[in-house]
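Each chain, written out:
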Amino acid sequence: MSEELYFMPVTELVRIIRRGDLSPVEIIDLFLDRIDNRNAEINAYTTVLYQQARKAARQAERAIKSGDRLGPLHGVPIAIKDLYGHKAGVRNTFGSKPFAAFVSS
């Protein structure tokens, strides 16, 4: 299923999470592994927040197990384009080599 997962519409990914076929932790691990395996070739990600992504996935999983009210995309991993300084302390290149070492405040 993992290969199909990467190209799946987000609505189907939500259904998989809600049905319990895969947990947010399993999904983030699959996506992070995919990034590790492919990013050297395609250079799609400049900064990957592994620990923060896994922490958020564990929190999402706990909320599901607790029966908390869930948002429409609860547990779905996202990527944020590197064009804005969106998070303090995170490297942000603005898609430009002169900013390769810039860390957002």
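Small disclaimer: the values here were computed from a predicted structure and weren't measured.

Side note on a positive patch on the surface
- Positive charge collects at one region of the surface, where Lys55, Arg58, Arg62 and Lys87 lie side by side.
- Within the secondary structure, Arg58 is located in helix H4 (residues 50–66).
- By relative accessible area, Arg58 is classed as partly exposed at 42%.

Brief notes about unusual backbone geometry
- Here the phi dihedral of Asn43 falls at roughly 50°; this positive angle occurs in a residue that is not glycine.
- Judged by relative accessible area, Asn43 falls into the exposed class, the value being 59%.
- The phi angle at Phe94 is positive, at roughly 55°, despite the residue not being glycine.
- Secondary-structure assignment places Phe94 in the segment after H4.
- The exposure class assigned to Phe94 is partly exposed, which follows from its relative accessible area of 29%.

A word on the nonpolar core
- Of all hydrophobic cores here, the largest spans 9 residues; its members are Leu5, Met8, Leu13, Val14, Ile16, Ile17, Leu22, Ile27 and Val76.
- Ranked by residues supplied to this core, first place goes to helix H2 (residues 10–19) with 4 residues.

Quick word on helix H3 (residues 24–42)
- Across its 19 residues, H3 extends 25 Å between first and last C-alpha, which sits within 8% of the 27 Å expected from 1.5 Å per residue.
- Taken as a whole, H3 carries its principal kink of about 35° at Asp36.
- Every buried residue of H3 is accounted for by Pro24, Ile27, Ile28, Leu32, Arg34, Ile35 and Asn39.
- Of the residues trailing H3, Asn43 is marked for its positive phi of about 50°.

Basis of the calculations
- Residues numbered from 1 in each chain as written.
- Predicted model: local features only at pLDDT ≥ 70, side-chain atom pairs only at ≥ 80, totals over all residues.
- Heavy atoms only, no water.
- Patch = residues over 30% accessible without salt bridge, like charges linked within 9 Å, V, L, I, M, F, W, Y side chains within 5 Å.
- Areas by Shrake-Rupley, 256 points an atom, 1.4 Å probe, with all protein chains shown as cover.
- Salt bridge = Lys/Arg side-chain N within 4 Å of Asp/Glu carboxyl O.
- Lys, Arg positive; Asp, Glu negative; His and termini not counted.
- Charge placed at Lys NZ, Arg CZ, Asp CG, Glu CD.
- Helix = DSSP H or I, 4+ residues; strand = E, 2+ residues; numbered from the N terminus.
- Buried < 20%, exposed > 50% of the residue type's maximum accessible area, 1.4 Å probe, protein only.
- Core = buried A, V, L, I, M, F, W, Y, C linked by side-chain atoms within 4.5 Å.
- Expected span 1.5 Å × (residues − 1).
- Bend = angle between axes of the 7 residues up to and from the residue.

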